[in-house]
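# Residue-level structure breakdown
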Amino acid sequence: MKIGVINAGNIGSRLAKAWVQAGHEVMVSKDGERAKLQPLLAQLGDKALVGELEEAAQFSDVLLFSVYWLRFEQVLNRLGSLEGKIIIDTMNPLKVNEAFEHYHDLDFMQTSSTSEELQRRLPSAKIVKAFSTIPFHLLDKDAWQGSQMLPSVFFAGDDTEAKKVVAQLIQDAGFPSIDAGSLHSARLLESMGVLLHNIAEVRNDSAINLAPTFVFPTS
């Protein structure tokens, strides 16, 4: 399968590595300095392609849309037609204050989700929410070798066939998948992010360092 990674950052780089190892054709891109891809490309060697955002979008059958929420409009406007493509949305609706502290846009979350906004902007694409509820450093499947417990990756969407593809890609990344329902459920998945941040504050910890919170049996 051809997978384009729109913004191979903390999440995208880890999934790109896993999907290359699983035998998929992957093209990575970066919203920002392309030189920041060099450490990832050094790991992947000639097993992955690199291109601009537009090239990765057109290359793909499946698109991983892992963009900083505040850059949503700018990136989307560069990608051109994405008609019929399966798009995996990993975003959370995070804003930043003057002290460069991130916080959830609770007003936006009352009536929508990043996935629903993406679907609104791309009505002919097939949007599936996934990979948004696990801290990025826990998405490295190599770190889980030998473990009997794996964090479950929730996914939500309205297109049945697209969800089957995404479920398989979650498994190819090394994790069990759990269908959370329609795309409307993306609001619930994004709310998990608020919960994790609240837990982190109570623990006086960083949300990124939380142990996996949602581990479920897969059968």
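These numbers come from a predicted model, not from an experiment.

### Some words on the overall build of the chain
- When helices and strands are counted, the chain shows eight helices and 10 strands.
- Counting only C-alpha atoms and orienting by the principal axes, one finds that the chain spans roughly 45 × 40 × 40 Å.
- Relative to its 219 residues, the chain shows a buried fraction of 50%.
- The long-range share in the chain, meaning contacts at least 24 apart out of those at least 6 apart in sequence, stands at 68%.

### Considerations on the pairing of strand 8 (residues 126–130)
- Strand 8 sits mainly inside the fold: four of its five residues count as buried.
- In this sheet, strand 8 lies alongside strand 5 (residues 86–89) in parallel orientation, the contact comprising four bridges. Its bridge partner lying in strand 8, I86 is registered against K126.
- Taken together, the three bridges between strand 8 and strand 9 (residues 153–157) define a ladder with antiparallel strand orientation.

### Considering the pairing of strand 4 (residues 62–65)
- Side chains of strand 4 alternate between two faces, with V62 and L64 and L63 and F65 buried alike.
- Relative to strand 5, strand 4 runs parallel, the two being bridged by four bridges. By the bridge assignment for strand 5, V62 is matched with I86.

### Remarks on the sheet that holds strand 9
- Here we have eight strands laid out as an open sheet, ordered 3-2-1-4-5-8-9-10, and mixed in their pairing. Where the open sheet ends on each side, the last strands, each with one partner, are strand 3 (49–50) and strand 10 (177–179).
- The pairing of strand 2 (residues 25–28) with strand 3 spans two bridges and is classified as parallel. Along strand 3, the bridge assignment pairs V28 with V50.

### Overview of the packing of aromatic side chains
- This structure, assessed with the given rule, holds four aromatic pairs.
- When the centroid spacing of 5.2 Å and the interplanar angle of 45° are considered together, the rings of W69 and F108 count as tilted. Of this pair, W69 sits in the loop between strand 4 and helix 4 (72–76) while F108 sits in helix 5 (residues 106–109); the two residues are 39 residues apart in sequence, bridging distant segments of the chain.
- Taking the relative accessible area as the measure of exposure, W69 reaches 14% and is therefore buried.
- Residue F108 is classed as buried on the basis of its relative accessible area of 17%.
- Members of the aromatic cluster, joined through ring pairs, are F65, W69, F72 and F108.

Parameters at a glance
Residues numbered from 1 in each chain as written. Predicted model: local features only at pLDDT ≥ 70, side-chain atom pairs only at ≥ 80, totals over all residues. Heavy atoms only, no water. Helix = DSSP H or I, 4+ residues; strand = E, 2+ residues; numbered from the N terminus. Buried < 20%, exposed > 50% of the residue type's maximum accessible area, 1.4 Å probe, protein only. Contact = heavy atoms within 4.5 Å. Pairing = 2+ DSSP bridges. Phe/Tyr/Trp six-rings, centres within 6.5 Å; stacked < 30°, edge-to-face > 60°.

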